Amino acid sequence: MRNLIFLFLFTISFTSSSQNFKEYLDSLNSNKLIYFKDSLLSNNKLSLDELKYLQFQKKIKFKGYVDTLILNFFSKKNQSILKNIIIGDANLYSFPSKDSLSFDSYNKALEESVDKKDYILVSECIKKILYQLLKNRKNLNLLPKYLNIYKENLNTVNDSATYFYFKTINDFDRNKIQKSINQIQVSLPVAIRSKNKYLISKYLQFNGILYRQLSNRKVELENYTKALNYIEKEKTYLFNIEKFGLYVNIASTLYEQGNFKESLKLYNKANLIEIPSYRIIEKVKFNNILSNNYFKLKDYKNAYIYLQKANSHKEELNEFKKDIALNDINVKYKTAEKEKELIKEKQNTLISEQKRKETLRFLYGSLVFLLLGGIIAYLSLKNSKKKRLLAEQQKELEK
């Protein structure tokens, strides 16, 4: 078991990224760098690209939005790994989220990282892709492919803890819940060693969900509470989103146990957190639950208040769905336009190839014609000489 924990902790590899950048990137991924002042970053030996990238990622984790001004800085550069990661982030955090474009950009960055054997950025790209797959849950079947790449490029304790977390998700089987719980027991200590509160919280929350599957509400609640204790004092966007999920899970469990008063407190805390539009459905659901509960208690005033909140979030959700549909149409249109361009390019290539072949055939035909003409001329000349010699010999005989 001990070997399993430390098997992937460190990979000593050649990399084109600076050592300072590696250290700061690890702090960023452990969610420590978000509290660093930019002046501390700029006073260290980082390239301008590395500095801009770290500042950009810090803003995403701290505030949950993309500062598009940085794209102006990177747009002047040739295609680069950091540029493609940032374009991926810009698409992922846009409204509505452009998941397919984001996924493509992350993969471009990954391919270039692998080609350059920059294992630090391979790890960075893989983490981006894994969290995106977990977010939309549409292509979880791709997890094994990226986990295999990640396994070969682990550089830090945080990398190992992240790898084990996603591996546990990938190995999850509803018929083998205890197996997943055992995996968490093995890998959670690695997450604790990484001191990554966000990741530790995710491990504990997942463990709580697993115990829910076993109908063990006591241990489920214990895991949720431990997870919340790790991050409740954190104020950044990243942690707030995680807290939202924990408030809802704990509130739902308490609600099922009949502890409506405590449940209400946590639901109200969740109501105050700004969350991504793709999770608004959760606010619609639990506000409807609260409205129905107050109605049963004949507290019609609060029943109406929470019904209004549910309807407000439902309208927001409908707008989000419209934006998603519009975005899908735009993506399909752009895809169709791109396919047209590819077809046209292919047609032009075929026409060019056809012309090239016709030119070659004409050239070969001309060469054959010239060769045959030369042979015929040579044979004619030779035959003419032969006739002339015969004629001369005939004249000699007549004398």
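Please refer to the structure placed before this passage.
Residues numbered from 1 in each chain as written. Predicted model: local features only at pLDDT ≥ 70, side-chain atom pairs only at ≥ 80, totals over all residues. Heavy atoms only, no water.

### What to know about the overall build of the protein
- Tallying secondary structure elements over the protein gives 17 helices and zero strands in all.
- Within the protein, the proportion of its 399 residues that are buried is 42%.
- For the protein, contacts bridging at least 24 residues in sequence account for 63% of all contacts bridging at least 6.
- Per element, the accessible surface of the protein, about 23,800 Å² overall, is 56% carbon and sulfur. (Helix = DSSP H or I, 4+ residues; strand = E, 2+ residues; numbered from the N terminus. Buried < 20%, exposed > 50% of the residue type's maximum accessible area, 1.4 Å probe, protein only. Contact = heavy atoms within 4.5 Å. Areas by Shrake-Rupley, 256 points an atom, 1.4 Å probe, with all protein chains shown as cover.)

### Details of unusual backbone geometry
- At K117, a position not held by glycine, the phi torsion is positive, near 55 degrees.
- Take K117: it is sitting in the loop between α7 (99–116) and α8 (119–136).
- One non-glycine residue, S215, adopts positive backbone phi at about 60 degrees.
- Within the secondary structure, S215 is located in the loop between α12 (197–213) and α13 (217–231).
- Since its relative accessible area comes to 56%, S215 is described here as exposed.

### Details of the packing of helix α4 (residues 48–63) against helix α6 (residues 81–92)
- Where α4 contacts α6, the axes come no closer than 11 Å and their chain directions differ by 20 degrees. Classified by the angle between their axes, α4 and α6 sit roughly parallel to one another. α6 is crossed by α4, and the crossing has left-handed handedness. Residues D49, E50, Y53, F56, Q57 and I60 of α4 touch α6, and the partners they reach there are L82, I85, I86 and D89.
- A breakdown of the residues in the contact of α4 with α6 according to their chemical character gives six nonpolar, one polar and three charged. (Axes fitted to C-alpha atoms, helices over the stretch in contact; angles between N-to-C directions. Parallel < 35°, antiparallel > 145°, perpendicular 65-115°, else oblique. Left-handed = near helix turned anticlockwise from the far one by under 90°. Nonpolar A, V, L, I, M, F, W, Y, C, P; charged D, E, K, R; others polar.)

### What to know about the packing of α8 against helix α10 (residues 157–171)
- One way to put it is that α8 packs onto α10 with a least axis distance of 12 Å and a crossing angle of 30 degrees. With respect to each other, α8 and α10 are oriented roughly parallel. For the pair α8 and α10, the sense of crossing is left-handed. Facing α8, whose interface residues are S123, K127, L130, Y131 and L134, α10 presents D159, T162, Y165, F166 and I169.
- In terms of residue class, the contact of α8 with α10 is made up of six nonpolar, two polar and two charged.

### Thoughts on α4
- Between the first and last C-alpha of α4 there are 22 Å, a value that for 16 residues agrees with the 22 Å anticipated at 1.5 Å per step.
- Three or more residues of α4 are buried, namely E50, L51, Y53, L54, Q55, F56, Q57, K58, I60 and K61.
- The first or second residue beyond α4 is G64, which carries a positive phi of 75 degrees. (Expected span 1.5 Å × (residues − 1).)

### Topic: the environment of L210
- By the element assignment, L210 lies in helix α12.
- When its relative accessible area of 0% is taken as the criterion, L210 is described as buried.
- Measuring from C-alpha to C-alpha, the distance between L210 and R174 comes to 9.0 Å, with 36 residues separating the pair along the chain.
- In contact with L210, other than residues within four places in its own chain, are F172, I177, S180, I181 and I184.

### Some remarks on the packing of aromatic side chains
- Inspection of the entire model under this criterion finds twelve aromatic pairs.
- Pairing Y165 with F206 gives two aromatic rings, centres 6.4 Å apart and planes at 80 degrees, and the pair type is edge-to-face. With Y165 in helix α10 and F206 in helix α12, this residue pair connects regions lying 41 residues apart in the sequence.
- Here Y165 falls in the buried class, since its relative accessible area comes to 6%.
- Taken together through their ring pairs, the aromatic side chains of Y131, Y165, F166, F172, Y203 and F206 make up a single cluster. (Phe/Tyr/Trp six-rings, centres within 6.5 Å; stacked < 30°, edge-to-face > 60°.)

### Remarks on empty space enclosed by the protein
- Counted under the stated rule, the structure contains one cavity of 30 Å³ or more.
- Looking at the largest cavity, the residues that line it are K22, L25, D26, N29, I120, S123, E124, K127, N155, T156, N158 and D159.
- Of all the secondary-structure elements, those providing two or more residues to the lining of the largest cavity are α2 (19–29), α8 and α10.
- Grouping the amino acids of the lining of the largest cavity by side-chain chemistry returns two nonpolar, five polar and five charged. (1 Å grid on protein atoms, 1.4 Å probe; cavity = no way out; pocket = protein on both sides within 12 Å on 5 of 7 lines; lining within 4 Å. Points joined across faces, edges and corners; volume = space filled by probe spheres on them.)

### Focus: the nonpolar core
- F21, L25, L130, Y146, Y165, F166 and Y203 are the most contacted members of the largest nonpolar core, which totals 85 residues.
- The element that contributes the greatest number of residues to this core is helix α14 (residues 237–256), accounting for ten residues.
- Residue contacts for F166: discarding those within four places in its chain leaves L130, Y131, L134, L143 and L147. (Core = buried A, V, L, I, M, F, W, Y, C linked by side-chain atoms within 4.5 Å.)

### Notes on α13
- With 15 residues, α13 extends 22 Å between its outermost C-alpha atoms, agreeing within 8% with the 21 Å of an ideal straight helix rising 1.5 Å per residue.
- Where α13 is concerned, the buried positions are E220, L221, N223, Y224, A227, L228 and I231. With its buried residues spanning 160 degrees around the axis, α13 presents them on a single face. Opposite the buried face of α13, at more than 90 degrees from it, the exposed residues are K218 and N229. (Arc of directions from axis to C-beta.)

### So, the environment of S30
- Relative to the helices and strands, S30 resides in the loop between α2 and α3 (38–42).
- A residue is classified by how much of its surface remains accessible, and S30, at 4% relative accessible area, is buried.
- Spatially, the C-alpha atoms of S30 and A191 are 9.8 Å apart, while their sequence positions differ by 161 residues.
- Residues within four places of S30 in sequence aside, it is in contact with N158, S194, K195 and N196.

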